[in-house]
Amino acid sequence: MRITWGSREVEIEVRWTVPAPTGDGNRTQPVMIFLHEGLGSVSMWRDFPDQLCTALGMRGLVYSRPGYGHSTPRAADEHWDVDFMHQQAHEVLPALLAALGIDPARETVYLFGHSDGASIALLHAARFGGQLAGVVALAPHILVEDITITSIEKARDAYRTTDLKQRLSRHHRDPDSAFWGWNQIWLDPRFKAWTIEDELAAIGCPVLAIQGMDDEYGTMMQIDGIAARLPGTRLVKLAQCGHSPHKDQPSQVITAVHQFVEARP
């Protein structure tokens, strides 16, 4: 799938969950759009989107952002700026929806984001949330914590000294594109002041925020901060769960999302 992002065209890797839409035959079926984490891609979700969408009776759209998976890689000299998540939320995602003919104003559309993808989902909802049916945010970032930076520094060391690059190459056409685009901006001194806290109050749709109690990339300050600025947010805090609730506690995540969707007016 090709989209125009700013002044350039990029290829976006897209996968529909089974069953995929055929023509307009199931356009009335709600759609869940999956936004991956900072080192994620279509394939790194594995079969979780299929499991969730089967349980919900929804279509599911999974895609890799530019720089990830089999989407157009980041150029070697391209360095992401502090607003890189805003660009994805305000420019890339709307362009992808338009290219696919998905209109949240006319269809029932949910966003399901993990980590950076959850932050992008929240930012999109802050600008376009009146059109969305809801947002599910797993382990979102709304501000930068020391624990996050420490874990990202450890990831940098692992990428340089272990087989992490080889493992990521199974999921990314260009693992250097995916890893260094994410790692360099998160460790940029300017990024320590990054926050989306003040933008959350503009979200005009229901939000479910889920976080593991053993999350190595953030504390409960993240989802508690969403609830403080967006009353009515549903919070789920999972024991024996790290930064990837959909991998560590998939059945609990599916149950929480099912209840969230069922509660929609």
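Just above sits the structure.
Read on for an overview of the structure. (Residues numbered from 1 in each chain as written. Predicted model: local features only at pLDDT ≥ 70, side-chain atom pairs only at ≥ 80, totals over all residues. Heavy atoms only, no water.)

**Some points on the overall build of the chain**
Short version of the rule: Where helices and strands are cited, they refer to DSSP runs of H or I of at least four residues and of E of at least two residues respectively, numbered from the N terminus. As a reference, a globule follows 2.2 Å times the number of residues to the power 0.38, and the radius of gyration itself is taken over C-alpha atoms. Relative accessibility thresholds used throughout: buried, under 20% of the residue-type maximum; exposed, over 50%; partly exposed, between the two (1.4 Å probe, protein chains only). When checking whether two residues touch, look at their non-hydrogen atoms; a contact exists if any pair is within 4.5 Å. Surface exposure here means Shrake-Rupley accessible area, sampled with a 1.4 Å probe, where a residue is shielded only by the protein chains that are shown. His is not counted, nor are the chain ends; Lys and Arg add positive charge and Asp and Glu add negative charge. To locate a charge, take atom NZ for lysine, CZ for arginine, CG for aspartate or CD for glutamate.
What the chain contains, in helices and strands, is 9 helices and 9 strands. For 265 residues, the compact-globule estimate of 2.2 N^0.38 gives 18 Å, and the chain sits close to it at 17 Å. Along the longest, intermediate and shortest principal axes, the C-alpha atoms of the chain span 50 × 40 × 30 Å. The buried share of the chain, reckoned over its 265 residues, is 57%. Considering only intrachain contacts with a sequence separation of at least 6, the fraction spanning at least 24 residues in the chain is 77%. Total accessible area computed for the chain in this model is approximately 11200 Å², and 49% of it derives from carbon and sulfur atoms. Measuring between centres, the 24 positive side-chain charges of the chain sit 2 Å from its 32 negative side-chain charges.

**A few points about the side chain of H141**
As a reminder, the rule being used: Counting of polar contacts relies on pairs of N or O atoms within 3.5 Å, with two restrictions inside protein: one atom must be capable of donating a hydrogen and the other of accepting it, and residues adjacent in sequence are counted only when both atoms are side-chain atoms.
Relative to the assigned elements, H141 resides in the loop between β7 (134-138) and α4 (146-161). The exposure class of H141 is buried, given its relative accessible area of 3%. Within the local environment of H141, its side chain forms a polar contact with the side chain of S115, the two groups lying 3.0 Å apart. Not counting chain neighbours up to four residues away, the residues in contact with H141 comprise S115, D116, S119, T148, W186, W194, I196, Y217, Q222 and H243.

**What to know about helix α3 (residues 116-128)**
Worth spelling out the cut-off: Every helix has an expected span of 1.5 Å times one less than the residues it contains.
With 13 residues, α3 ought to run about 18 Å at 1.5 Å a step, and its terminal C-alpha atoms sit 18 Å apart, in line with that. Of all 13 residues in α3, 11 are buried, a share of seventy percent or more.

**Things to note about the sheet that holds strand β6 (residues 109-114)**
Rules: Should DSSP find at least two bridges between two strands, the strands are taken to pair. Interaxial angle, 0 to 180 degrees, is taken between N-to-C directions of lines fitted to C-alpha atoms, where a helix line uses only the stretch in contact.
Taken in spatial order, the 7 strands make up an open sheet running β3-β5-β4-β6-β7-β8-β9, and their pairing is mixed. Two strands close off the open sheet at either side, each with one partner strand: β3 (13-16) and β9 (234-238). When strand polarity is set aside, the average angle formed by the axes of neighbouring strands in this sheet is 15°. Relative to β7, β6 is paired through 5 bridges, and the arrangement is parallel.

**Description of the pairing of strand β2 (residues 8-11)**
Bridge analysis of strand β1 (residues 2-5) against β2 gives 4 bridges, and the strand direction is antiparallel. By the bridge assignment for β2, I3 is matched with V10. Taken together, β1 and the strand that follows it, β2, pair antiparallel across an intervening segment of 2 residues, in which G6 is found at a positive phi of about 65°.

**Some remarks on the environment of A256**
Tracing the chain through its elements places A256 in helix α9 (residues 250-262). Here A256 falls in the buried class, since its relative accessible area comes to 9%. For the pair A256 and A121, spaced 135 residues apart in sequence, the C-alpha to C-alpha distance is 18 Å. Every residue in contact with A256, bar those within four places of it in the chain, is listed here: L208, I210 and V236.

**Describing the pattern of salt bridges**
Stated precisely, the cut-off is as follows: Every case where a carboxyl oxygen of Asp or Glu lies within 4 Å of a side-chain nitrogen of Lys or Arg is listed as a salt bridge.
Inspection of the entire model under this criterion finds 12 salt bridges. For D157, the salt bridge is made with R156, and the minimal N-O distance between the two is 3.8 Å. A relative accessible area of 38% means that D157 is categorised as partly exposed. Note that E197 and R229 form a salt bridge whose closest N and O atoms lie 3.0 Å from each other. With E197 in the loop between α6 (175-186) and β8 (207-212) and R229 in helix α7 (residues 221-229), this pair connects stretches of sequence that are 32 residues apart. For R229, a relative accessible area of 33% corresponds to the partly exposed category. Shared partners join several salt bridges into a network, and the residues in it are R2, E9 and E11.

Purely geometric numbers; function is a separate question.
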